[in-house]
Amino acid sequence: MTQLVMGKSVTYEHTLPELNPSYRLLLGPGPCNVDPRILRIASAPQLGHIDPEFFGILEETAQLLRWVFQTKNEMTLCVSGSGFSGAEAVLCNLLEEGDTLIAGSLGFFSGQIVEISQRAGARVINLETELGKPLAPEVLEQAFRDHPEARIFATAIAETSTGLWQPLEELERITHAHGALFVVDAVCGLGGVPMNIDEMRIDACYAGSQKSLGALPGLAPVTLNERAVQVIQHRKRLVQSYYLDLLKLNRYWNGDHAYHHTACSNLVYAMREALRITLEEGLETRWARHQLHGEALRAGIKAMGLDILTQPGYEERRYRACCIGTRIASLRLHTQSRCRPCRR
Ligand SMILES: Cc1ncc(COP(=O)(O)O)c(C=O)c1O
């Protein structure tokens, strides 16, 4: 069979060799090399998305998510998609045309809150910090004074592009003092840095599967408290996105399981296994392990004579951003060639 693939004529034999992807030691913040237990369960027989047995697995996974988020929020589920699908779901459901949102943009990833919110029709007040530095509470206070109509403040607990961990206490206090919702990106943070949704009074949070949780990419855990759910329930207009409609998704995950979309059972098994592993390790132990390994990495980077980008005292636990400029290309090549012998 001959086909045109990317402008080239390609002839396929009747049979193709099986894929044998290279083993890569994944040392970035995520995706990471997943535990073999997760890969094993991901290849277990598929269940249909409306199989009662699968509903039980969904409910149990949602319960485990409540534990890892440290919340009692009923609306706790996974959006079928990567971390940004969680961001889109939370922001598009909470925002309506013309709403004002204040964004704490710490770098590339939390910076996308701006575009996602603008696409949802919001007016965005963008508070960009210097790279590697957290948002100063007085800057947020001033923004709320200048824009008392702001309904949401959204930022990240961990900004992957700069290796920043951002303390949230003061930002939460100011946001709630001005009657707004406090929304947090924990795509990188959940499972890696201390987070307690209820105690930290976070109204809505979205996370990722493939970073600190160590699951496969493709699911985005989200949790919203009653206050945030009320905002969605009292929208003037339906959420523009059918696929990301959180009320429908919540009904599928936590209600009568009415069909909404074809959720992938194997990805949910993988998430459940990652959460089971986290449960066995314990949250405190896991946070401490990330801290220890992060410190070791930092010491190594410093020993190589490189500078850490992040302001001291605000480093994310699991990884470090450093200033290596043009050395990055050779470092990458070196990493890949070193990985080849590890092939399984
Ligand atoms: C802090 C943060 N937010 C959002 C994202 C987007 O997640 P995804 O690439 O899974 O869509 C990432 C990805 O690295 C991230 O680190």
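Preceding this paragraph is the structure being described.
Thresholds, definitions, all that
Residues numbered from 1 in each chain as written. Predicted model: local features only at pLDDT ≥ 70, side-chain atom pairs only at ≥ 80, totals over all residues. Core = buried A, V, L, I, M, F, W, Y, C linked by C-beta atoms within 7 Å. Buried ≥ 20, exposed ≤ 12 C-beta atoms within 10 Å, placed from the backbone. Contact = placed C-beta atoms within 7 Å. Helix = DSSP H or I, 4+ residues; strand = E, 2+ residues; numbered from the N terminus. Arc of directions from axis to C-beta. Pairing = 2+ DSSP bridges. Near = placed C-beta within 6 Å. Nonpolar A, V, L, I, M, F, W, Y, C, P; charged D, E, K, R; others polar. Axes fitted to C-alpha atoms, helices over the stretch in contact; angles between N-to-C directions.

With that settled, the discussion passes to the nonpolar core. Within the largest apolar cluster, 82 residues are counted, with the highest numbers of intra-cluster contacts made by Leu91, Ile152, Phe153, Cys205 and Tyr206. Setting aside residues no more than four positions away along its own chain, phenylalanine 153 makes contact with Ile102, Gly104, Leu140, Leu171, Thr175, Ala180, Phe182 and Val183.

On to helix 8 (residues 246-254), then. By the burial criterion, the buried members of helix 8 are Leu246, Leu249, Asn250 and Trp253. The buried residues of helix 8 occupy an angular sector of 100° when the element is viewed end-on, so they sit on one face. Looking at the buried positions of helix 8, the neighbouring elements they touch are helix 2 (52-69), strand 3 (75-80), helix 3 (83-94), strand 11 (219-224) and helix 7 (226-233).

Each regular strand displays side chains that alternate between the two surfaces of the sheet. Strand direction decides the pairing type here: strand 1 (residues 2-5) and strand 2 (residues 8-11), joined by four bridges, are antiparallel. Bridge pairing in strand 2 links valine 5 to lysine 8. The antiparallel hairpin formed by strand 1 and strand 2 contains two residues in its connecting segment, where methionine 6 sits at a positive phi of about 50°.

On to the site of the ligand. Around the ligand, the neighbouring residues are Ser82, Gly83, Phe84, Phe109, Ala156, Glu159, Thr160, Asp185, Val187, Cys188 and Gly208. Residues of the shell around the ligand, tallied by class, amount to five nonpolar, four polar and two charged.

Moving on: the sheet that holds strand 5 (residues 123-128). Pairing within the open sheet is mixed, and its seven strands lie in the order 3-11-10-9-6-4-5. Only two strands of the sheet have a single neighbouring strand rather than two, namely strand 3 and strand 5. Averaged over all pairs of adjacent strands, the angle between their axes in this sheet comes to 20°, without regard to strand direction. Against the sheet, helix 2 touches strand 3, strand 10 (204-207) and strand 11, its axis set at about 110° to strand 3. Where helix 7 meets the sheet, its contacts fall on strand 3, strand 9 (181-186), strand 10 and strand 11, and the angle it forms with strand 9 comes to roughly 105°.

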